[in-house]
Amino acid sequence: MKRIPVLLTILSLICSVCTFSASALGIKNESTEINDDWAVYASGDVNGANGVDICDMVQLSLYLKGDGVKIIKTAADTDKNNKIEEADLNSLRTMLLAK
């Protein structure tokens, strides 16, 4: 069980590099906790980076652990029950494995 936090830390660092690279290229990534009616995000696009990838899963995992990570709640609620919970993380994991 000690491997999971280490793996999450490594994946979080990889996501940080991806975010840095995107910002260096001028791609904006607003990872804020919003529920705007006008904003449309794909289900699972937790960080709002216009796609679902491992970074979304890491960000949602950290959010569920209570690490104070900001997410886009409408995209994180993959089962649309108005709750962000472990079931949403499992659904996101299934989405990624299906790719």
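Everything here concerns the structure above.
Criteria and thresholds
Residues numbered from 1 in each chain as written. Predicted model: local features only at pLDDT ≥ 70, side-chain atom pairs only at ≥ 80, totals over all residues. Heavy atoms only, no water. Helix = DSSP H or I, 4+ residues; strand = E, 2+ residues; numbered from the N terminus. Salt bridge = Lys/Arg side-chain N within 4 Å of Asp/Glu carboxyl O. Buried < 20%, exposed > 50% of the residue type's maximum accessible area, 1.4 Å probe, protein only. Expected span 1.5 Å × (residues − 1). Arc of directions from axis to C-beta. Contact = heavy atoms within 4.5 Å.

Draft legend 1. Looking closely at unusual backbone geometry. For K80, which is not glycine, the phi torsion reads 55° and is therefore positive. Relative to the helices and strands, K80 is located in the loop between helix 3 (73-76) and helix 4 (86-98). Phi is positive for N82, which is not a glycine, with a value near 65°. Examined against the element boundaries, N82 turns out to sit in the loop between helix 3 and helix 4.

Draft legend 2. Representation of the pattern of salt bridges in the model. Per the counting criterion, the structure on display carries one salt bridge. As a salt-bridge pair, K65 and D67 come within 4.0 Å of each other at their nearest N and O atoms. Exposure remark for K65: the relative accessible area of 51% places this residue in the exposed category.

Draft legend 3. View of helix 4. Between its first and last C-alpha, helix 4 extends 19 Å over 13 residues, near the 18 Å set by a 1.5 Å rise per residue. Buried residues of helix 4: D88, L89, L92 and L96, and no others. Along helix 4, the residues classed as buried sweep out an arc of 100° about the axis, all on the same side. In helix 4, the exposed positions angled more than 90 degrees off the buried face are occupied by T94, L97 and A98. Its buried side turned inward, helix 4 meets helix 2 (54-65) and helix 3.

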